Amino acid sequence: MKAIILAGGFGTRIQPLTNSLPKPMLPILNRPMMEHIIIKLRDELGIKQMAVLLYFKPEIIKDYFKDGKDFGVEITYVQPDDDYGTAGAVAFAREFLDETFIIVSGDLVTNFDFKKIQSFHKKKKSQLTITLTSVENPLQFGVVIANEEDRIEKFLEKPSWGEVFSDTINTGIYMIEPEILQHIPHGENFDFAKDLFPTLMENDIPLWGYSAKGYWRDVGNPISYREVYEDIFNGEIELPIKGEKKQIDKGVVYLEKGVSLPEKIRINGTVVLDKNVKIAEGVTLENCCIGENTKIKKHSEVVNSILWNDVTLGQKSKLHNSVICDHNTIKEELKANFGVIMAEKCEIGKKVAFEKDIIIWPEKIIDSNSVVSNNVIWGTKYKSSIFENGKVIGRSNIELSVEMSTKLAESFGSVLPMGSKVYMSRDYHKSSRMLKRAFLSGLLSTGVDVVDIFNAPSNVMRHSLANNDEISAGVHFRQSVLDPANTEIILFTSEGLEIDSKFAKSIERVFFRENFRRVNQYEIGDIDEQRDIKERYKKALIEKIDTSCFDDDLKIAADIMFGSTSEIYPKIMNELGIENIALNAYQDDRSLSKLYANITKSQINMENIVKAMDLDCGILIYPNGQRLQLVDDKGKLIYDYITLLVILYLLNETATEKLKIFLPAWGPDFIKFKNLDITRGKISSLKAADLKEYALIASTDGHFAFSEFGLNSDAIYASFKILELIKKSKIKLSSVIKKLPKFTFKGENIPCASQYKGKMMRKFLEEGKDKDSSSIDGVKIWVSEEEWILMVPDEHSDYLNIYIQAEDEKSANKIFWQYQDKIEKWINE
């Protein structure tokens, strides 16, 4: 048997530990992770011939392992000229792979019995065996379901929480026969999970899944790296440790050559000391691993911590729960009781205190007597990923500083073709203006041109973006309505849609590697201005709306909520001849920052105005111009899901042909509309070409996109479209609501820690096995013909989103309480 070790990953999620090292070279017990894998393959399977696939920082791996003879193996290095995906990279080793081979990632820590995997592979006469295990959080892995015979039936790579159908995952350990290689094209980007496995399943070639028992961890982020050591010291996994083993004080010490230990020293737990470590008197060491040439000075404490090579820790320092990378100098009386992850070449002054678990990026200088309470340089949100659903969100001028904004722009610009044009817009908040100007400079430095739109709602910019073939992308800056201390930076594709996860990861890769495109002085981007975009948007909207529907007897109130739409919305109402009362139609950042806390007050105020003035309806346009709410002609706020049903009713009444509608998987479905063809699914999986097939793309929370005008949620256009439909159908909103069948639709949240989310998806799937169920987005179980519950774990917070459709409130509560009890029981099992 031969082995392939995958060692070409960028290690983006584990930054800053991989700032100067490829991920497989991160030390575990003073050995690179990959060395532990090589030893395991050699000793358990007797493998002597191994090929290592390289890509990122290959010279570091080659310099350490050389030809492999020092480790009792023969190593062949394979280095593709580009990123060809996991399977595509393996295809470059075809000539080497002339017998059964095992593939293992070089950045795993595991004690799986490889001999048992080999026995299973032989017993099944398998061409491809995937090693499986169960984990608490399966989002970063391929989720798998195998039948009772261990044949894999379903596979999904890196799902969202709503797509998770099991907590059993693909560990990335494969045993493969050479004939499988014929299904991998040469010189193409081809992934095992996304491409090869579906191809084999389509050709009815069995994929077998071996469920391994034992310890397995993909060291995916700095916290996970630290937890590996915690598991080692707690005895959850045993790995070979170099050095002479000695019992000292209350602990066990492993000493390499040149270690200097004084008589007065406290030892607890397991302590690993590499070559030439110098420990001064009065030092306390507990469950720690210390690398070559590191010095710990008098009366310091190192507890549950990992220090790499060439570190100096000053006297009377307290270092707990920490990872300190190479070449760091820490002066006396440091206090890090809660933890610190410190990248290389930092200088920490005297009496510095870390108030909480902190990450410090490379080459930072922290002055003496500093109290550090935030990450240096960017915040905790970016430990594993910069983006959340196409957005970058952070505290203004802290996590989202001008440096961060510029670097993000340089990364974005480097991914775009040189000479591309990008729209840039913002709301009127000072933070948005500041960060936008920094971002603009970064784009120009990569040879990307900027078209500056200044202060405009994002939907106005996105409409122009989608209708201008010369513009490649868009960026919008806005203050968060949910948290006024936060700014949001949103990146859009040329179709005006938020960038997907693949695009986001391309940007992150450049960001963390700092592999920016630098152009010469003649290629720096140009700035153009487009100040008439709001006027053009207004003209396009009026041309699309059927203005003949509007007459003098239409009377409405509109609350603009201090948003950027205040410059455009009142003008459209007036040009359409709508008699209106405009509320809060001006820009005021102080009022805007208090808006979310006062939203109920705004709703009640609108109800009172509509009722007192006998208006046809009231419209609340949320500040970013994407969400709306309605108040009917009786002065009653319409719940968001009822607003959706009202729009569907009006479309059905006025349709001259069958209309296609797209709703989320949890959209209410108890009403059948004869003129509407409704699809329920996961909107993030659809491309622009798919969305254009639907007349309406809507949610249950006040977001509506009419594709005749645009593919993104646009409260401005949607509100006038609703007015048009009301006039065409000649029916009042209150009358439409009366015509709707009585039922209850509700959404609830149940607290659930992230480590239990995968288990909850599996339990819901098991619960729905003998019932009508669906797993398009989350798990939907029909309790009766028209009553159901849908559970989808929240992407970013520790709770489960629960949606229930029932015949009345009593029945809905019964369903909720029943499943709430089950969820609590499942969590505690």
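Up top is the structure these notes are about.
If you're wondering where the values come from, they're calculated on a predicted model, not measured in any experiment.

Draft legend 1. Examining the overall build of the protein chain more closely. The secondary structure content of the protein chain amounts to 20 helices and 51 strands. A globule of 829 residues ought to have a C-alpha radius of gyration of about 28 Å, and the protein chain, at 30 Å, matches this closely. In the protein chain, once contacts between residues fewer than 6 apart in sequence are set aside, the share between residues at least 24 apart is 58%. Split by element, the accessible area of the protein chain, about 35,100 Å² in all, is 44% carbon and sulfur. With 108 positive and 123 negative side-chain charges, the protein chain shows a separation of 3 Å between the mean positions of the two kinds.

Draft legend 2. Summary view of the packing of helix α7 (residues 402-415) against helix α10 (residues 501-513). Axis separation between α7 and α10 bottoms out at 8 Å; the angle between their running directions is 115 degrees. For the pair α7 and α10, the sense of crossing is right-handed. Counting all contacts with α7, which are made through Met404, Lys407, Leu408, Ser411, Phe412, Ser414 and Val415, the residues of α10 involved are Phe503, Ser506, Ile507, Val510 and Phe511. Grouping the constituent residues of the contact of α7 with α10 by class yields 8 nonpolar, 3 polar and 1 charged.

Draft legend 3. Spotlight on helix α4 (residues 114-123). Within the sequence span of α4, burial applies to Phe114, Ile117, Gln118, Phe120 and His121. Down the axis of α4, the smallest arc covering the buried residues is 160 degrees, so these residues share one side. Looking at α4, the residues exposed on the side facing more than 90 degrees away from the buried face are Lys122 and Lys123. Residues of α4 that are buried in the fold lie against α1 (33-45), β6 (101-105), β7 (108-110), β8 (128-134), β11 (168-176) and β12 (208-211). Once α4 ends, the next one or two residues include Lys125, with phi positive near 50 degrees.

Draft legend 4. Expanded view of the pattern of salt bridges. Under the counting rule described, the total for this entry stands at 39 salt bridges. The salt bridge involving Asp640 is made with Arg627; its shortest N-O contact spans 2.7 Å. One end of the pair, Asp640, is in helix α15 (residues 640-654); the other, Arg627, is in the loop between β40 (617-621) and β41 (628-631), and 13 residues separate them in sequence. Looking at Arg627, the relative accessible area reads 23%, which means it is partly exposed. Several salt bridges converge on common partners, so that one network encompasses Asp546, Glu708, Lys721, Glu724 and Lys728.

Draft legend 5. Summary view of the packing of aromatic side chains. The tally for this structure, following the rule as stated, stands at 29 aromatic pairs. Where Phe120 meets Tyr210, the ring centres are 5.3 Å apart and the plane angle is 50 degrees; that geometry is what we call tilted. Note that Phe120 is positioned in helix α4 and Tyr210 in strand β12, a separation of 90 residues in sequence. Residue class for Phe120 comes out buried when judged on its relative accessible area of 10%.

Draft legend 6. Representation of the sheet that holds strand β21 (residues 312-313) within the structure. Spatial strand order, β17-β19-β21-β24-β27-β30: 6 strands in an open sheet with parallel pairing. Taken across any chain shown, the strands that pair with only one partner, and hence form the sheet edges, are β17 (278-279) and β30 (365-366). Here β17 pairs with strand β19 (residues 295-296) via 2 bridges, running parallel. In the sheet register, Lys278 faces β19, and the bridge partner there is Lys295.

Draft legend 7. Quick look at the packing of helix α19 (residues 757-767) against helix α20 (residues 809-828). Relative orientation of the contacting elements α19 and α20 amounts to 125 degrees, with a least axis distance of 10 Å. By the angle class used here, α19 and α20 are oblique. As α19 packs across α20, the resulting crossing turns out to be right-handed. Note on element contacts: α20 touches α19 through Tyr819, Lys822, Ile823, Trp826 and Ile827, opposite Lys759, Met760, Lys763, Phe764 and Glu767. Of the residues that constitute the contact of α19 with α20, the class distribution is 6 nonpolar, no polar and 4 charged.

Draft legend 8. Broad picture of the side chain of Ser322. Structurally, Ser322 can be placed in the loop between β22 (318-320) and β23 (323-324). For Ser322, a relative accessible area of 0% puts it in the buried group. Polar side-chain contacts of Ser322 include one of 2.7 Å to the backbone oxygen of His320. Look past the residues within four positions of Ser322 in its chain and what remains in contact with it is Arg226, Asn304, Ser305, Ile306, Ala336, Gly339 and Val340.

Each value, and the rule that gives it
- Residues numbered from 1 in each chain as written.
- Predicted model: local features only at pLDDT ≥ 70, side-chain atom pairs only at ≥ 80, totals over all residues.
- Heavy atoms only, no water.
- Helix = DSSP H or I, 4+ residues; strand = E, 2+ residues; numbered from the N terminus.
- Rg over C-alpha atoms; globule rule 2.2 N^0.38 Å.
- Contact = heavy atoms within 4.5 Å.
- Areas by Shrake-Rupley, 256 points an atom, 1.4 Å probe, with all protein chains shown as cover.
- Lys, Arg positive; Asp, Glu negative; His and termini not counted.
- Charge placed at Lys NZ, Arg CZ, Asp CG, Glu CD.
- Axes fitted to C-alpha atoms, helices over the stretch in contact; angles between N-to-C directions.
- Left-handed = near helix turned anticlockwise from the far one by under 90°.
- Nonpolar A, V, L, I, M, F, W, Y, C, P; charged D, E, K, R; others polar.
- Buried < 20%, exposed > 50% of the residue type's maximum accessible area, 1.4 Å probe, protein only.
- Arc of directions from axis to C-beta.
- Salt bridge = Lys/Arg side-chain N within 4 Å of Asp/Glu carboxyl O.
- Phe/Tyr/Trp six-rings, centres within 6.5 Å; stacked < 30°, edge-to-face > 60°.
- Pairing = 2+ DSSP bridges.
- Parallel < 35°, antiparallel > 145°, perpendicular 65-115°, else oblique.
- Polar contact = N/O pair within 3.5 Å; in protein donor to acceptor, adjacent residues only side chain to side chain.

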